[in-house]
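# Chain and residue survey
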Amino acid sequence: MKALAFLCILFATTLKPLIHLAISSSSTTTSSSSSSPEESDGHHQSYDYYSQSCPLAEQIVRQSTRSLFAGDPRTAPQLLRLLFHDCFVHGCDGSVLLEENIEGGRTERDAIPNQTLKGFDKIDFIKDIVEEACPGVVSCADVLVLAAREGVLLTGGPFYPVVTGRKDSTRSYYETAEEEIPSPNHNVSTTLARFASKGFSPRETVSLLGAHNIGSIDCDFIRTRILNFSGTGLPDPSIPTDFLIELATNCSGNSRSGLNVASGRTSTATASTAIPYYQALSPLLPSGNTFGTHYYGALLKGRGLLFSDQQLMYDRKTTKLVEAYASDDGFTFKRDFARVMMKLSSLSGSISDQGPPRLQCSRLN
Ligand code: HEM
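How each quantity is defined
- Residues numbered from 1 in each chain as written.
- Predicted model: local features only at pLDDT ≥ 70, side-chain atom pairs only at ≥ 80, totals over all residues.
- UniProt positions renumbered as here; feature names shortened; annotations may be inferred.
- Helix = DSSP H or I, 4+ residues; strand = E, 2+ residues; numbered from the N terminus.
- Buried ≥ 20, exposed ≤ 12 C-beta atoms within 10 Å, placed from the backbone.
- Contact = placed C-beta atoms within 7 Å.
- Near = placed C-beta within 6 Å.
- Nonpolar A, V, L, I, M, F, W, Y, C, P; charged D, E, K, R; others polar.
- Domains from an automatic or database assignment.

- The protein carries the name Peroxidase in an unreviewed UniProt entry, which gives Stephania cephalantha as its organism.
- What UniProt records for the protein under Subcellular location (unreviewed entry) is the sentence "Secreted".
- Quoted verbatim from the Catalytic activity (unreviewed entry) field of UniProt, the annotation for the protein is "2 a phenolic donor + H2O2 = 2 a phenolic radical donor + 2 H2O".

## What to know about the overall build of the protein
- For the protein, the count of helices and strands is 15 helices and four strands.
- With 365 residues in all, the protein has 43% of them scored as buried.

## Some words on the UniProt feature "site: Transition state stabilizer" (unreviewed entry) in the protein
- This chain's UniProt record puts "site: Transition state stabilizer" (unreviewed entry) on Arg81.
- Ignoring anything within four residues of it in the chain, the contact list for Arg81 reads Leu117 and Gly215.

## A word on the UniProt feature "active site" (unreviewed entry) in the protein
- Those places that UniProt annotates as "active site" (unreviewed entry) correspond, in this numbering, to His85.
- With respect to the helices and strands, His85 occurs in helix H3 (residues 75–87).
- On the neighbour-count criterion, His85 (19 C-beta atoms within 10 Å) is partly exposed.
- Here His85 is in contact with Val96, Pro113, Asn114, Leu117 and Ile181, once residues within four sequence places are set aside.

## Description of the site of the ligand
- Surrounding the ligand, one finds 26 residues, the nearest of these being Thr116, Pro182, Ala211, Gly215 and Asp218.
- For the shell around the ligand, the secondary-structure elements that each account for two or more residues are H3, helix H8 (202–209) and strand E2 (216–218).
- If one sorts the elements of the shell around the ligand by residue count, H3 sits on top with five residues.
- Of the residues that constitute the shell around the ligand, the class distribution is 14 nonpolar, eight polar and four charged.
- No fewer than three residues from each of domain 1 (2–181 + 348–355) and domain 2 (188–342) sit in the shell around the ligand.

## Concerning unusual backbone geometry
- One non-glycine residue with positive phi stands out, namely Asp48, at about 55°.
- Tracing the backbone shows Asp48 in the loop between helix H1 (2–26) and helix H2 (57–71).
- We note that Ser230 has phi near 50°; this positive angle belongs to a residue other than glycine.

What follows is the structure, given as structure tokens:
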């Protein structure tokens, strides 16, 4: 019943105007002279942009994401994080997927915050199927946006409408990724400032960070917090003792504890252990690895896995938002999350670096 009410409100407040907009602009989908409000950076984007050029595009992305998810549920969080790291740097242009750069230099994938990204192979898989159906038509940027949305839905998160017609980037922005992607070591004011620089309010930032209610966090990030917080040789004093013991028990494996995340693109994330976000809960709280508000519940108990997560409890405004999201059954959070994902998915960068759809997402055409 509550779910039905949620759908009705989401439809009335968010989806209905947008679907109306989509319908009213659909007749101009291929017209470059359209003045649709969805026009961005000089090229037209619209709902179902590929309705003429590749009518099955969205369905193919949906089905292939579903089959990947059925084989590996980690697909959903991996794609969601990939999307965030793509859109945060020069907008959603698929630049994070590139393995080569125009001047042969380093790529976003080499930047420290991106070295632990996963799911590139999954985007390649989906894109290959799309290419078979419609060669050279659908951008990698759109494939990522659509696949991430499907992943959110598959884990029990909200549906949100997204426009398509994004251009693929013709370059990768190593330096910008190093400079602009937030760090797990940031305090709350730096985190809020990073998101504000991309146009997100504190409320939007807190709801976006709710993405951390799915997926897992590698022990490499946790060991620094529990063994040598800020170079003190001691644990982060904000971690409650029982949680500290739990973290230490779960992340006691020797393997790569001494490694910095900067040490290798693929190695750190795949070989060492990781803690699922939902495990940060006390057994007294309802848990699950599906989309819910357990992230916020964990923060209320001091059980955030990342320092930057727990920092949301060190600012009056963000604390109130965490409390609000934790106190209902997910209705408010899912509604806000749907809205902020639409905003994240529509971030755009400069048009000078935009080109046609890349045939392989990791390669320049
Ligand atoms: C202050 C901002 C953020 C920081 C510092 C941050 C940092 C991190 C870190 C360090 C991990 C663990 C990666 C690993 O273990 O390999 C992670 C995982 C994740 N992040 Fe964030 N993140 C932030 C915001 C976001 C946002 C805005 C989203 C999406 C909208 C997001 C989605 C995810 C997801 C889904 C995972 C789990 C990935 C998986 O299981 O493979 N994060 N994040």
